[in-house]
Amino acid sequence: MELFELTIHELHEKLKRKEVSSVEAARAVLARIEAVEPQVHAFITVTAKEALQDAAAADKRIAAGDVDLLTGIPIALKDIFLTRGVRTTCASRILENFIPPYDGTCVAKLRERGMVLVGKLNQDEFAMGSSTESSHFGVTRNPWHTDYIPGGSSGGSAAAIAAQQATATLGTDTGGSIRQPASHCGCVGLKPTYGRVSRYGVIAYASSLDQVGPVTRDVTDCAILLEAVAGYDPKDSTSVNLPVPDYVRGLANGVKGLKIGLPKEYFIAGLDPEVKKAVEAAIATYRSLGAEFVEISLPHTDYAVATYYLIATAEASSNLARYDGVRYGHRSAEAKGLVEMYAKTRAEGFGMEVKRRIMLGTYALSSGYYDAYYIKAQKVRTLIMHDFLKAFEQVDLLLTPVAPTPAFKIGEKTSDPLQMYLSDIFTIPVNLAGTCGISVPAGISQQGLPIGMQLIGKPFGEETILRAAYAFEQATEWHRQKAKI
Ligand code: GLN
């Protein structure tokens, strides 16, 4: 196996035994990026020079006997994470030349553990989208079939794993942005419970929904990376002060006796037959491993997408008010006077989808419509949350599809935003409820595109979904399939 194909835990073993150096691993990954990037375009910025410096520093640590699981591991981050001294764009023209003066908490934690940062990954602009087509820096292609989208908004994170351009990556998930691209690119992607991981230094889209999480080659790597970034952070008032479990140690506990719920609202007409087949096969695998299944109901599922697009756009319109051409980022060169400067800066700096959402959100928050739309959406959100809490009185976790179809073609849905929004139907409710979900490879379509399944856990039940995901992974071969690029 090539060095760039290894998982975190495999590469760690080699580094520890001094079979390879971190500089060698970094060189291998950087060469791989150079080789496949023209076809995939997973990166906005490749940090080759910094990566080699990080790797040399990691080798020193390793030589001194200080070999943490992440020391010397080549990692790439979605371009939504503030990285000190490294351009951070959020895939927007408005931040095209923005160089943050500090690291966000997750980045600082990974740096402390000795990661080698190989670059910043493409995404939808401000994480608004499901296909990575709304990036100012061009589309990312699905490494399994380059006519297809990799999913979004963390499309670069998933594509880089599938094309072996990084050992592991971080993404963010507001309505499915980790799980859906992981599903479309054959990776493992976990959205933790709201509050599990600090959002400090992560560019805000919809603050009550955003969460950081790993996109990796296998479940073990996912557990390793989650453990590295999880935990309380006084700099994020919404992070929760609960101890971080040893996620890796719990993996091998199996699923015997676990009760898994199947929400009947998720197995509907419109579900692609190949996705349905993959999920049914996963159910059979779990049965053979000793899990029990119960049909449950999440009665407010139908309202989730509408609720999400009111709350997320309302919060986005407020969060994005800070891009005014004064404090940082792009400023229009042509404007005369302050008001024109604001207007022109934002007109030039934001793309179409971002503008659409700012307008929707501003409308939902405007006086006269606030009660009818925004407050109503908040009430429905509570009902959706209660659906999940009620289901979890009966079962330990839920099993569902991640997306109604495998990846779609580039350009197929760009002219029809509603169709794009509807593709998030199975991931959005998890964010509204604030709980956790993981996407695991569970099949490959006739077109050769990966299909994932989703396990949804109780709030702070990451251990359980990771353990169930691991049991499935060990019983199947899907995670060993590789994109031929
Ligand atoms: N696709 C959803 C949206 O467009 C979710 C995006 C996300 O999770 N960041 O908002």
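The rules behind these values
Numbers given to residues run from 1 along each chain, matching the order in which its sequence is written. Only residues with pLDDT of at least 70 are given local features in this predicted model, and only at 80 or more are side-chain atom pairs given and counted; all residues enter the totals for whole chains, interfaces and linings. Based on all heavy atoms of the structure, the side-chain values leave hydrogens and waters out of the count. Secondary structure elements are taken from DSSP: a helix is a run of H or I of four residues or more, a strand is a run of E of two residues or more, and numbering for both begins at the N terminus. In the analysis that follows, any N or O atom pair within 3.5 Å is treated as a polar contact, provided that within protein one partner can donate a hydrogen and the other can accept it, and provided that, for residues neighboring in sequence, both atoms belong to side chains. Throughout, a residue-residue contact means that at least one pair of heavy atoms, one from each residue, lies within 4.5 Å. Distances are taken per atom, and a residue is near a molecule or strand as soon as one of its heavy atoms is within 4 Å of it. Under the convention used here, a 1.4 Å probe and the Shrake-Rupley method define accessible areas, while residue burial counts only the protein chains that appear. The definitions used throughout rest on a 1 Å grid laid over the protein atoms alone, on which a cavity is an enclosed set of points accommodating a 1.4 Å probe that cannot get out and a pocket is an open set flanked by protein within 12 Å on both sides along at least five of seven lines; lining residues are those having an atom within 4 Å of a point. Placement in a cavity or pocket follows one criterion, namely that more than half of the molecule's atoms lie within 2 Å of its grid points. Ten residues, namely Ala, Val, Leu, Ile, Met, Phe, Trp, Tyr, Cys and Pro, are considered nonpolar, four, namely Asp, Glu, Lys and Arg, are considered charged, and the remaining ones, Gly among them, are considered polar. Note on aromatic contacts: the rings of Phe and Tyr and the six-membered ring of Trp form a pair at centre separations within 6.5 Å, being stacked when their planes are under 30 degrees apart, edge-to-face when over 60 apart, and tilted otherwise. A 1.4 Å probe rolled over the protein chains alone gives each residue an accessible area, and that area as a share of the maximum for its type sets the label: buried under 20%, exposed over 50%, partly exposed in between. Think of it as a cone above the ring: NZ of Lys or CZ of Arg counts as a charge over the ring if it is within 6 Å of the ring centre and within 35 degrees of the ring normal. Grid points are joined across faces, edges and corners, and a volume is the space filled by probe spheres set on the points. Lines fitted to C-alpha atoms define the axes, with helix axes restricted to the stretch in contact, and inter-axis angles between N-to-C directions lie between 0 and 180 degrees. If an angle is under 35 degrees, it is roughly parallel; if it is over 145, roughly antiparallel; if it lies from 65 to 115, roughly perpendicular; otherwise it is oblique. Joining through side-chain atoms within 4.5 Å is the link that ties buried Ala, Val, Leu, Ile, Met, Phe, Trp, Tyr and Cys residues into a set, and such a set is a nonpolar core. One bridge is not enough; two strands pair if DSSP finds at least two bridges between them. We define a salt bridge as a side-chain nitrogen of Lys or Arg found within 4 Å of a carboxyl oxygen belonging to Asp or Glu. In this scheme, a helix's expected span is set at 1.5 Å multiplied by one less than its residue total. If you view the pair so one helix is near and one far, a crossing is left-handed when the near helix is turned anticlockwise from the far one by less than a right angle, and right-handed when it is turned clockwise.

## Quick word on the side chain of Arg467
- Position of Arg467 relative to the elements: it lies in helix α15 (residues 462-475).
- Here Gly254 takes part through its backbone oxygen, which lies 2.7 Å from a polar atom of the side chain of Arg467.
- If near-sequence neighbours (up to four positions away) are discounted, Arg467 is found in contact with Gly250, Leu251, Asn253, Gly254 and Leu258.

## Quick notes on the site of the ligand
- Close to the ligand lie 15 residues; Gly175, Ser177, Tyr205, Tyr308 and Asp424 are nearest.
- A distance of 2.7 Å is found between a nitrogen atom of the ligand and a side-chain nitrogen or oxygen belonging to Asp424.
- If the ligand stood free it would expose 290 Å²; the protein chains cover 100% of that surface.
- According to the grid-proximity analysis, the pocket containing the ligand is the largest cavity.
- Counted by class, the shell around the ligand contains five nonpolar, seven polar and three charged residues.

## A few points about the packing of aromatic side chains
- Per the counting criterion, the structure on display carries 14 aromatic pairs.
- For the ring pair Tyr309 and Tyr421, a centre distance of 3.9 Å and an interplane angle of 15 degrees mean the geometry is stacked. In this pair, Tyr309 is assigned in helix α9 (residues 304-319) and Tyr421 in helix α13 (residues 417-422), connecting sequence segments 112 residues apart.
- Classification of Tyr421 as buried rests on a relative accessible area of 8%.
- In this structure an aromatic cluster arises from ring pairing among Phe98, Phe126, Tyr323, Tyr328 and Phe350.
- Between the NZ or CZ atom of Lys413 and the centre of the ring of Phe408, over which it lies, the distance is 4.4 Å.

## Some points on unusual backbone geometry
- With an omega of 5 degrees, the peptide bond between Gly152 and Ser153 qualifies as cis.
- With respect to the helices and strands, Ser153 occurs in the loop between β3 (116-121) and α5 (155-162).
- With a phi angle near 60 degrees, Gln164 is a residue other than glycine that sits in the positive phi range.
- When you line up the elements, Gln164 lands in the loop between α5 and β4 (168-173).
- Even without glycine at this site, Phe460 takes up a positive phi of about 60 degrees.
- One can find Phe460 in the loop between β11 (450-457) and α15.

## Things to note about the layout of surface pockets
- In this structure, the largest pocket spans a volume of roughly 390 Å³.
- Every residue lining the largest pocket is counted, 24 residues in all, and those nearest its centre are Thr7, Arg217, His479, Arg480 and Lys482.
- Mapped onto the lining of the largest pocket, the elements with two or more residues apiece are α1 (8-16), α5 and α15.
- When residues of the lining of the largest pocket are assigned to their parent elements, the largest contribution, three residues, is made by α15.
- Residue composition of the lining of the largest pocket, by class: eight nonpolar, nine polar and seven charged.

## Some words on the packing of helix α11 (residues 352-365) against helix α12 (residues 370-394)
- One can describe the packing of α11 onto α12 by two numbers: an axis separation of 7 Å at closest approach and a directional angle of 105 degrees. With respect to each other, α11 and α12 are oriented roughly perpendicular. Taken together, the residues of α12 that come into contact with α11 (itself represented by Tyr363, Ala364 and Leu365) are Tyr370, Tyr373 and Tyr374.
- Across the contact of α11 with α12, the residue classes break down as six nonpolar, no polar and no charged.

## Overview of the nonpolar core
- Among the nonpolar cores identified, the biggest contains 145 residues, and Val118, Phe126, Tyr286, Leu399, Ile438, Leu455 and Leu466 are the most heavily contacted of them.
- Ranked by residue count, the leading element in this core is helix α2 (residues 22-40), at nine residues.
- Leaving out residues up to four positions away in the same chain, Ile438 has contacts with Arg179, Val188, Gly189, Leu190, Cys222, Met453, Gln454, Leu455, Ile465, Leu466 and Ala469.

## Observations regarding the sheet that holds β3
- The 11 strands lie next to each other as β1-β3-β2-β4-β6-β5-β10-β11-β9-β7-β8, forming an open sheet whose pairing is mixed. Taken across any chain shown, the strands that pair with only one partner, and hence form the sheet edges, are β1 (43-46) and β8 (292-296). Going across the sheet, the axis of each strand differs from the next one's by a mean of 30 degrees, ignoring polarity.
- Direction of pairing for strand β5 (residues 188-191) relative to strand β10 (residues 436-444): antiparallel, over a ladder of three bridges. Directly across from Leu190, in β10, lies its bridge partner Ile438.
- Lying over the sheet, α2 contacts β1, β2 (74-78) and β3, oriented at roughly 20 degrees with respect to β3.

## Considerations on the pattern of salt bridges
- Within this structure, the stated rule accounts for 18 salt bridges.
- Among the ionic pairs, Asp66 bridges to Arg61, the shortest N-O distance being 3.0 Å.
- You can call Asp66 partly exposed: its relative accessible area is 36%.
- Among the residues examined, Arg61 registers a relative accessible area of 25% and is labelled partly exposed.

## Some words on helix α8 (residues 273-288)
- The first and last C-alpha atoms of α8 sit 23 Å apart over 16 residues, in line with the 22 Å expected at 1.5 Å per residue.
- In this fold, the buried residues of α8 make contact with β7 (259-263), β8, β9 (397-401), β10, β11 and α15.
- The N-terminus of α8 is capped by Asp272, whose side-chain oxygen sits 2.8 Å from the backbone nitrogen of Glu274.
- Positive phi appears at Gly290, one or two residues downstream of α8, with a value of about 100 degrees.

## Section: the packing of α2 against helix α3 (residues 48-63)
- The interhelical angle for the contact between α2 and α3, taken along N-to-C directions, is 155 degrees, at an axis separation of 8 Å. When the interaxial angle is binned, α2 and α3 end up roughly antiparallel. Of the two possible hands of crossing, α2 and α3 adopt the one that is right-handed. In this structure, α2 uses Ser22, Val23, Ala26, Arg27 and Leu30 to contact α3, whose residues at the interface are Ala48, Ala51, Leu52, Ala55, Ala56, Ala58 and Asp59.
- Taken together, the residues that form the contact of α2 with α3 break down as nine nonpolar, one polar and two charged.

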